[in-house]
Amino acid sequence: MRIDVIDTIAGFDAVRDNWDQVYRDDPDAQHFLSWTWLRDFLGHRGRWFVLALREREPNAPYVAFLPLRLLTKLDEQCGLFYDEIVMGGNYSADYTGLIVMPGYEQKAIAGFAAYLKQQNWTHLRLEHFSGPPERREKMILALQGPLVMFRDNVPTSHDNIDNTICPVVSLPASWDDYLEQTLSSQTRQKLRRFLRKLDGDEGYRITMATPETIDRDLTILFDFWRTRWTERKGPERTERLINSTREMLMDCFKSGTLDVPVFWFGEQPLGALANIIDHPKKTILFYITGRDENWKTPSPGLVLHGYCIRRAIEDGFRFYDFLRGNESYKYVFCADERRISYTLFRTRDGRNLGGVLHPRSVKYVYEQALEMYRKGEKGKAEIVFTQVLQSSPGHVGAEFGLANLLFDRGKLTEALAAYQSLLERTAEPLPIALRLGDTQLALKLYEDAAVTFHRIGEQAPHVVQARYKEGVALIATRRLTQAETVLAAIQDIHTDDPAAIPYTELASVALERLRQHNAALAADEQIPEGMMGLPGKRGGEKRRPRMH
């Protein structure tokens with residue numbers, strides 16, 4: 001068997017037919033593992049990858065897929081970043097895991113586990129993991145080892161809700177069979193009475209979202225949901241959840257896999273549901289609801305779920321899935337239970353396997369180090385630049401960051417050597433050359449600085465900073481005529497770069513001073529203090545050059 005890694009949308013698109021076939025043939029596959037749902041979900045996220053298993057023969061189709069994502073977090077205690085591998089649908093999917101053709105499960109689990117054990121991670125989270133219990137046990141056996149420990153990691157609930165339980169209603173052939181054979185007499189009577197109100201002319205109605213009403217209907221749903229949950233979850237988290245959920249549901253609606261029924265009395269909305277539709281598996285998945293908490297009867301929740309179950313039976317669906325959580329109201333509809341699991345694998349030493357960052361996280365961590373540097377958190381930045389360099393030897397950006405820290409700390413000789421080494425092997429020399437020139441100025445190597453900044457000017461004529469500093473170095477070497485020519489030429493450079501403005505102004509001041517003193521300067525005269533425009537011990541510069 002062979003494992004390939006799919007990590008681009010183009011690659012994901014290319015396997016659609018193959019994916020759909022595996023999904024149809026896997027009896028335990030759930031909608032959140034469908035190509036349609038994952039295509040939209042992963043399209044909004046970075047650093048995802050899919051493990052794909054197939055036979056080694058040329059052009060053999062894939063027989064199993066495992067979608068995953070990489071998350072990278074900072075350990076505040078030691079200042080190092082670490083990696084987590086999570087299921088591809090976290091944190092929106094109620095079911096995650098793998099899909100596999102019948103007969104290939106053991107090979108798929110063995111292959112996927114072997115691949116994961118070679119990756120760099122501190123945590124591997126099999127959360128919302130679906131499928132038969134044996135599938136989880138096989139994954140645990142395949143993943144455990146001397147470097148890794150595991151434990152159940154079931155999320156807690158304020159209401160003691162067990163989120164490993166997913167109540168599911170098996171739908172019979174007819175609505176009458178459902179009422180008579182499934183429900184209690186009390187629930188059956190209520191549903192019949194409430195649905196008669198809905199079907200009659202008593203002011204009650206249910207609308208289904210259309211392209212023209214979907215924004216309105218989702219707003220109604222989330223307004224109710226916000227009222228219900230803001231106090232418990234907090235305003236910031238509530239809005240974050242609403243925004244991410246709305247984005248996901250809109251993707252479902254555009255792909256034709258979402259129903260949003262709204263229950264009305266006249267023009268007053270009383271409640272709404274968002275139900276995801278899994279056509280291949282003939283399943284309706286109840287995702288989220290919101291209702292008017294002050295409206296008592298008829299119960300908006302009972303009416304909406306009853307209406308949707310009746311509609312699902314009429315349309316030939318086989319299951320009405322209430323998804324995660326064993327809330328008591330779900331059992332009113334006589335649901336069976338499906339189990340999912342939450343398993344956390346963790347390295348015993350609390351560091352990434354292999355002691356380095358996952359290759360897919362190096363760019364992200366480097367960007368975090370840059371942000372720390374820009375904020376002035378230079379001690380933190382040094383730790384992270386060093387971590388990047390250990391994980392990716394020769395990383396030019398990390399070496400440049402460490403060289404800049406040497407410069408900032410006054411270790412100018414070491415910084416000079418670092419910049420010179422970097423300049424010899426980088427494809428983008430400009431930022432490094434600028435800092436090399438700054439270091440040469442600070443070390444009073446004015447001849448060298450003049451050469452460095454002149455070369456920059458030749459390669460990038462509109463970099464005013466380099467032109468100005470070339471003039472500064474020329475003044476320091478008493479080549480005043482050349483300095484005047486360089487500084488005067490800056491006045492003819494037109495650029496929209498706001499960073500160039502202060503250097504243009506400084507060049508104008510230096511040029512004026514130079515012209516005022518030029519006639520009085522003799523060969524053995526000292527250059528007047530401040531001639532360079534920006535007094536200071538490091539090349540006369542007050543502004544710290546930008547890092548790139």
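Model, not experiment: these values are computed from the prediction.

Quick word on the overall build of the protein chain
Stage number 1. A count of helical and extended segments in the protein chain gives 19 helices and 16 strands.
Stage number 2. Relative to its length of 548 residues, the protein chain is extended, with a C-alpha radius of gyration of 33 Å against a globular reference of 24 Å.
Stage number 3. Here the C-alpha coordinates of the protein chain stretch approximately 110 × 60 × 45 Å along the principal axes.
Stage number 4. Expressed as a percentage of the 548 residues in the protein chain, the buried residues total 51%.
Stage number 5. Considering only residue pairs separated by 6 or more positions, the protein chain has 69% of its internal contacts joining residues 24 or more positions apart.
Stage number 6. Per element, the accessible surface of the protein chain, about 26000 Å² overall, is 49% carbon and sulfur.
Stage number 7. Computed over 71 positive and 74 negative side-chain charges, the inter-centroid distance for the protein chain is 3 Å.

Overview of the pairing of strand β16 (residues 341–347)
Stage number 1. Among the seven residues of β16, six are classified as buried, and the element is accordingly described as predominantly covered.
Stage number 2. Sheet topology note: the strand β6 (residues 123–129)/β16 ladder contains five bridges and is antiparallel. Looking at the pairing, Leu-126 lines up with Thr-343 of β16.
Stage number 3. Note: strand β7 (residues 148–152) against β16, five bridges, orientation antiparallel. When the bridges of β16 are listed, Met-149 appears paired with Arg-346.

With respect to helix α17 (residues 464–476)
Stage number 1. Here α17 contains 13 residues, and its C-alpha end-to-end distance of 19 Å stays within 8% of the 18 Å for a straight helix at 1.5 Å per residue.
Stage number 2. Buried residues dominate α17, accounting for twelve of its 13 residues.
Stage number 3. Listed in full, the buried residues belonging to α17 are Val-464, Gln-465, Ala-466, Arg-467, Tyr-468, Lys-469, Glu-470, Gly-471, Val-472, Ala-473, Leu-474 and Ile-475.
Stage number 4. Just beyond α17, the residue with positive phi is Arg-478, at close to 65°.

A word on the pattern of salt bridges
Stage number 1. Enumeration according to the criterion identifies 42 salt bridges in this entry.
Stage number 2. Note that Glu-202 is salt-bridged to Lys-197, the shortest N-O span being 3.5 Å.
Stage number 3. Across the pair Asp-259 and Arg-311 runs a salt bridge, and its minimum N-O distance is 3.1 Å. Linking Asp-259 in strand β10 (residues 258–259) with Arg-311 in helix α10 (residues 300–314), this pair joins segments that are 52 residues apart in sequence.
Stage number 4. In the salt-bridge network here, residues are joined through shared partners; they are Asp-26, Asp-28, Glu-105, Arg-135 and Lys-138.

Digging into helix α11 (residues 362–374)
Stage number 1. For α11, which comprises 13 residues, the first-to-last C-alpha distance of 19 Å matches the rise-based estimate of 18 Å (1.5 Å per residue) to within 8%.
Stage number 2. When α11 is considered as a whole, its buried residues turn out to be Val-362, Val-365, Tyr-366, Ala-369, Leu-370, Met-372 and Tyr-373. For α11, the angular spread of buried residues about the axis comes to 160°, placing them on one side.
Stage number 3. Looking at the buried positions of α11, the neighbouring elements they touch are β3 (62–74), β4 (81–87), α12 (378–391), α13 (396–408) and α15 (430–442).
Stage number 4. Looking one or two places after α11, you find Gly-376, whose phi comes out positive at around 85°.

A short note on the packing of aromatic side chains
Stage number 1. This structure, assessed with the given rule, holds 23 aromatic pairs.
Stage number 2. Judged by centre distance (4.3 Å) and plane angle (20°), the ring pair of Trp-19 and Phe-65 falls under stacked. With Trp-19 in helix α2 (residues 16–25) and Phe-65 in strand β3, this pair connects stretches of sequence that are 46 residues apart. A single burial state applies to Trp-19 and to Phe-65, both of which are buried.
Stage number 3. Chaining the aromatic ring pairs together yields one cluster made of Phe-12, Trp-19, Trp-35, Trp-48, Tyr-62 and Phe-65.
Stage number 4. The lysine or arginine in question, Arg-205, covers the ring of Trp-264, its NZ or CZ lying 4.8 Å from the ring centre.
Stage number 5. Above the face of the Tyr-23 ring, Lys-281 is positioned so that its terminal group lies 5.3 Å from the ring centre.

Considerations on unusual backbone geometry
Stage number 1. Cis geometry is found at the peptide bond from Asn-90 to Tyr-91, where omega equals 10°.
Stage number 2. Relative to the helices and strands, Tyr-91 is located in the loop between β4 and β5 (99–100).
Stage number 3. The peptide bond linking Thr-297 to Pro-298 adopts the cis configuration, its omega dihedral lying at 0°.
Stage number 4. Relative to the helices and strands, Pro-298 resides in the loop between β13 (283–291) and α10.
Stage number 5. Unusually for a residue other than glycine, Arg-47 sits at a positive phi of about 55°.
Stage number 6. Following the sequence through the fold, Arg-47 ends up in the loop between α3 (35–43) and β2 (48–54).
Stage number 7. Residue Asn-160 is not a glycine yet carries a positive backbone phi of 60°.
Stage number 8. Relative to the helices and strands, Asn-160 resides in the loop between β7 and β8 (165–170).

Here's the deal with the nonpolar core
Stage number 1. Grouped together as the largest cluster of nonpolar side chains are 51 residues, with contacts concentrated most on Trp-19, Phe-32, Phe-65 and Leu-249.
Stage number 2. At seven residues, the largest contribution of residues to this core is made by helix α8 (residues 214–233).
Stage number 3. Every residue in contact with Trp-19, bar those within four places of it in the chain, is listed here: Phe-12, Leu-33, Ser-34, Trp-35, Leu-38, Val-50, Phe-65, Pro-67 and Ile-99.
Stage number 4. In terms of nonpolar packing, the next biggest core, distinct from the first, is built from 32 residues, Leu-171, Leu-179, Leu-183 and Tyr-204 among them.

The rules behind the values
- Residues numbered from 1 in each chain as written.
- Predicted model: local features only at pLDDT ≥ 70, side-chain atom pairs only at ≥ 80, totals over all residues.
- Heavy atoms only, no water.
- Helix = DSSP H or I, 4+ residues; strand = E, 2+ residues; numbered from the N terminus.
- Rg over C-alpha atoms; globule rule 2.2 N^0.38 Å.
- Buried < 20%, exposed > 50% of the residue type's maximum accessible area, 1.4 Å probe, protein only.
- Contact = heavy atoms within 4.5 Å.
- Areas by Shrake-Rupley, 256 points an atom, 1.4 Å probe, with all protein chains shown as cover.
- Lys, Arg positive; Asp, Glu negative; His and termini not counted.
- Charge placed at Lys NZ, Arg CZ, Asp CG, Glu CD.
- Pairing = 2+ DSSP bridges.
- Expected span 1.5 Å × (residues − 1).
- Salt bridge = Lys/Arg side-chain N within 4 Å of Asp/Glu carboxyl O.
- Arc of directions from axis to C-beta.
- Phe/Tyr/Trp six-rings, centres within 6.5 Å; stacked < 30°, edge-to-face > 60°.
- Lys NZ or Arg CZ within 6 Å of the ring centre and 35° of its normal.
- Core = buried A, V, L, I, M, F, W, Y, C linked by side-chain atoms within 4.5 Å.

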